[in-house]
Amino acid sequence: MSIKYDIMVVGFVGGLGLAGCDNAVDSDSSPQASRSESVELDIPPRNQDMQQILRGGRLYQQNCAQCHGKLAQGAENWRQRDADGKFPPPPLNGTGHTWHHPTDVLVEIIRNGTAALGGNMPAWKDELSEQDIEDVLAWIKAQWPDEIYASWYQNNQR
């Protein structure tokens, strides 16, 4: 890949990080803390491997964005079943339910898809290596606002 492309992806990832600063997350899926409360979050350290996040961003755009959206925003009506009775692709940017799942569950969902769960997501085990899957998840987690990441981290440690 070109340096120009890498710089564009870094800017994209950085811009999404800044966009997350307004804490505009869906109230149905975000941790319950009132904005009026002065809650000090113990934010755990994030994956700071920018090369992994860049690789994951490229892989995400190539393989996942078609369904989950370029900004990981998911399908517009992701909470409503479609004509086949299945749910459309959810957001992965922290406004959906992805952060409720531990890493091993997210890996399994990417690896094996959601057909066995009644979903439409294909299995990626023949297309993406284990490292590719880890890279995509690093990119997805980099999209989550600090509050969401902290809640996911606490749940993932259990």
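Residues numbered from 1 in each chain as written. Predicted model: local features only at pLDDT ≥ 70, side-chain atom pairs only at ≥ 80, totals over all residues. Heavy atoms only, no water.

A. Quick peek at helix α2 (residues 50–63). Spanning 14 residues, α2 covers 20 Å between terminal C-alpha atoms, matching the ideal 20 Å at 1.5 Å per step. Buried within α2 we find Gln52, Ile53, Leu54, Gly56, Gly57, Arg58, Leu59 and Tyr60. Structurally, the start of α2 carries an N-cap: the backbone nitrogen of Gln51 is 3.2 Å from a side-chain oxygen of Asp49. (Helix = DSSP H or I, 4+ residues; strand = E, 2+ residues; numbered from the N terminus. Expected span 1.5 Å × (residues − 1). Buried < 20%, exposed > 50% of the residue type's maximum accessible area, 1.4 Å probe, protein only. Polar contact = N/O pair within 3.5 Å; in protein donor to acceptor, adjacent residues only side chain to side chain.)

B. Quick peek at the packing of α2 against helix α5 (residues 130–142). Running from N to C, α2 and α5 point in directions that differ by 95°, and their axes come no closer than 7 Å. If you check the angle between α2 and α5, you find them roughly perpendicular. Two secondary-structure elements touch here, α2 through Gln52, Ile53, Arg55, Gly56, Gly57, Leu59, Tyr60 and Gln61 and α5 through Gln131, Asp132, Glu134, Asp135, Val136, Ala138, Trp139, Ile140 and Ala142. Within the contact of α2 with α5, the residues separate by chemical class into eight nonpolar, five polar and four charged. (Axes fitted to C-alpha atoms, helices over the stretch in contact; angles between N-to-C directions. Parallel < 35°, antiparallel > 145°, perpendicular 65-115°, else oblique. Contact = heavy atoms within 4.5 Å. Nonpolar A, V, L, I, M, F, W, Y, C, P; charged D, E, K, R; others polar.)

C. Structural view of the environment of Thr95. Residue placement: Thr95 occurs in the loop between α3 (65–68) and α4 (103–112). Residues Thr95 and Gln73, spaced 22 residues apart in sequence, show a C-alpha to C-alpha distance of 7.7 Å. Of the polar contacts made by the side chain of Thr95, one reaches the side chain of Asn93; its length is 2.7 Å.

D. Spotlight on the pattern of salt bridges. Evaluated as defined, the whole model comprises four salt bridges. A salt bridge links Arg55 to Asp135; the nearest nitrogen and oxygen atoms lie 2.9 Å apart. Taken together, the residues Arg55 in helix α2 and Asp135 in helix α5 connect sequence positions 80 residues apart. For Arg55, a relative accessible area of 32% translates into the label partly exposed. Each of the salt bridges in this network shares a partner with another, and the network as a whole consists of Glu108, Arg111 and Glu130. (Salt bridge = Lys/Arg side-chain N within 4 Å of Asp/Glu carboxyl O.)

E. Local environment of the nonpolar core. Among the nonpolar cores identified, the biggest contains 24 residues, and Tyr60, Leu137, Ile140 and Trp144 are the most heavily contacted of them. Taken together, the elements giving at least two residues each to this core come down to α2, α4, α5 and α6 (146–156). The greatest single-element share of this core, amounting to seven residues, is contributed by α5. Setting aside chain neighbours within four positions, we find Leu137 in contact with Thr103, Leu106, Val107 and Ile110. (Core = buried A, V, L, I, M, F, W, Y, C linked by side-chain atoms within 4.5 Å.)

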